[in-house]
Structures are given as structure tokens and as C-alpha cells.
Amino acid sequence: MSVETHLLADDGLIPNNPKLPLVVYRQVFGRNGLAAAPERAFDDLFKAHGWVGNWVNGIYDFQHYHSTAHEVIGIAAGRANVQFGGPHGLVCELRAGDVVMIPAGVGHCCLISRNLVVVGAYPFGQYWDLCRDTESDRAKALDSIPWVPLPQSDPVLGSRGPLVVCWRDD
């Protein structure tokens, strides 16, 4: 497994997160670790580390973000090009086995996908909202995002994961 971090700047409508980087975990289960029950594997992994409210679906094909919760997504099947940070942001090619930790405020949008199945979750006690790339949503989000608490643990590796190291409340 490899890990990438990306700090995404405010784009004018989507606030992104000035303190917390997007974290991309590549091939969490190794090459063949998802063959049997990929949705269950991600669901169990996230729940084991205190990430709840789990869902199985895809990724919206419009720019959106959450101002009241951090979100983790695991790619259970297929592949997708997902844009993070707004319409001029970073495009990541995601494949089955990848996980993305999305900080509150960071925009995301599926540009193209093939056979995509995603498992998502949120830290215990956090409830997501749906914000779009509008001035009114941005104004509300700028007040909410700083108050979203840091997760108690990394959704992939628990207390020893990279999220615990690169996300700080300083």
C-alpha cells in the first residue's frame, strides 16, 4: 500500500480545507484482496476503526462537498477519474482497492467511471450535509468547517495510520 497527500487550495466557490490534506491510500488490500466480497471488506475495515454511517453506491457526477463531516470512500469495484478541489482541481484515477480520505470542505466529483462501486463512511458522531459550488453554500460552509472535529482514528490503519500523523488540530 502507498499513501499520497494533497493539500487543496480554496477555489473561490468550493472552500476545500486549508489545514487538512486529502489522503489517498493505494491498493489497501493488495492485488487480490478484494476478490470475494469487496463491499463487505471495506465496510468491516471502516467500522473496525470507528467510521460509521456506511453506504454503498457511486460518487456524484457534480461538484459537491460536506461542511459538517469528513468522509472516507473505498473503491470496491471498477475505476473512476474523480476530481478533488473543484472544477480546476486535482484529478485522481481511482481503482478497486483504493481509499480516499476527504476532509470536510473538499470538493469531489466523478468525471468518468466504469463499473464503479464505492463504500463510504463518516467518523462516529459526524453527520454529512450536501453543499454545492454556490456562494450561499460556501458562506455557510466557511462557518461550519473549522468546527468539524478530527476523527479519533485513521479509517484504514486505526491509531497508527497516516491520518493520525498528517491531520493535526494545531
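Keep in mind that this is a model prediction, so the values were computed, not measured.

**Description of the overall build of the protein**
Okay, step 1: Along its length, the protein carries three helices and nine strands.
Okay, step 2: For 170 residues, the compact-globule estimate of 2.2 N^0.38 gives 15 Å, and the C-alpha radius of gyration of the protein, at 15 Å, lies within 12% of that figure.
Okay, step 3: Taken along its principal axes, the extent of the C-alpha atoms in the protein is 45 × 35 × 25 Å.
Okay, step 4: Relative to all contacts within the protein whose residues are 6 or more apart in sequence, the contacts with residues 24 or more apart total 75%.

**What about the packing of aromatic side chains?**
Okay, step 1: Taken as a whole and assessed by the stated rule, the structure comprises four aromatic pairs.
Okay, step 2: Where F29 meets F42, the ring centres are 5.1 Å apart and the plane angle is 70°; that geometry is what we call edge-to-face. Of this pair, F29 sits in the loop between β2 (22-26) and α1 (38-48) while F42 is found in helix α1, placing the two residues 13 residues apart along the sequence.
Okay, step 3: Members of the aromatic cluster, connected to one another through ring pairs, are F29, F42 and F46.

**A word on the pattern of salt bridges**
Okay, step 1: If you walk through the whole model with that rule in mind, you get seven salt bridges.
Okay, step 2: Across the pair D10 and R138 runs a salt bridge, and its minimum N-O distance is 2.8 Å. Here the residue D10 occupies a position in the loop between β1 (2-6) and β2, and R138 occupies one in helix α2 (residues 135-144), the gap between them amounting to 128 residues.
Okay, step 3: Accessibility expressed as a relative area gives 39% for D10, which makes it partly exposed.
Okay, step 4: A salt bridge links E93 to R95, with the nearest nitrogen and oxygen atoms 2.9 Å apart.
Okay, step 5: In this structure E93 comes out as partly exposed when scored by relative accessible area, which is 36%.
Okay, step 6: The partly exposed category is assigned to R95, whose relative accessible area is 38%.
Okay, step 7: Beyond isolated ion pairs, a larger network of salt bridges with shared partners links E4, R26 and D98.

**Thoughts on the pairing of strand β7 (residues 99-102)**
It is a general feature of regular strands that their side chains alternate between the two faces of the sheet.
Okay, step 1: Neither face of β7 is open: one carries V99 and M101, the other V100 and I102, and all of them are buried.
Okay, step 2: Strand direction decides the pairing type here: β2 and β7, joined by three bridges, are antiparallel. Across the sheet, the residue bridging to Y25 is V99, located in β7.
Okay, step 3: Bridge count between strand β5 (residues 71-84) and β7: four bridges; the pairing is antiparallel. Along β7, the bridge assignment pairs G74 with V99.

**Examining α2**
Okay, step 1: Those residues of α2 that sit buried are D137, R138 and A141. Along α2, the residues classed as buried sweep out an arc of 95° about the axis, all on the same side. Away from its buried face, by an angle of more than 90 degrees, α2 presents the exposed residues E135, K140 and D143.

**Some words on the environment of R160**
Okay, step 1: Within the secondary structure layout, R160 lies in the loop between α2 and α3 (162-166).
Okay, step 2: Judged by relative accessible area, R160 falls into the exposed class, the value being 68%.

**Describing the side chain of S153**
Okay, step 1: With respect to the helices, strands and loops of the structure, S153 is situated in the loop between α2 and α3.
Okay, step 2: Residue class for S153 comes out buried when judged on its relative accessible area of 13%.
Okay, step 3: Residue contacts for S153: discarding those within four places in its chain leaves H49, W51, G158, S159, L163 and V164.

Quick notes on the rules
- Residues numbered from 1 in each chain as written.
- Predicted model: local features only at pLDDT ≥ 70, side-chain atom pairs only at ≥ 80, totals over all residues.
- Heavy atoms only, no water.
- Helix = DSSP H or I, 4+ residues; strand = E, 2+ residues; numbered from the N terminus.
- Rg over C-alpha atoms; globule rule 2.2 N^0.38 Å.
- Contact = heavy atoms within 4.5 Å.
- Phe/Tyr/Trp six-rings, centres within 6.5 Å; stacked < 30°, edge-to-face > 60°.
- Salt bridge = Lys/Arg side-chain N within 4 Å of Asp/Glu carboxyl O.
- Buried < 20%, exposed > 50% of the residue type's maximum accessible area, 1.4 Å probe, protein only.
- Pairing = 2+ DSSP bridges.
- Arc of directions from axis to C-beta.

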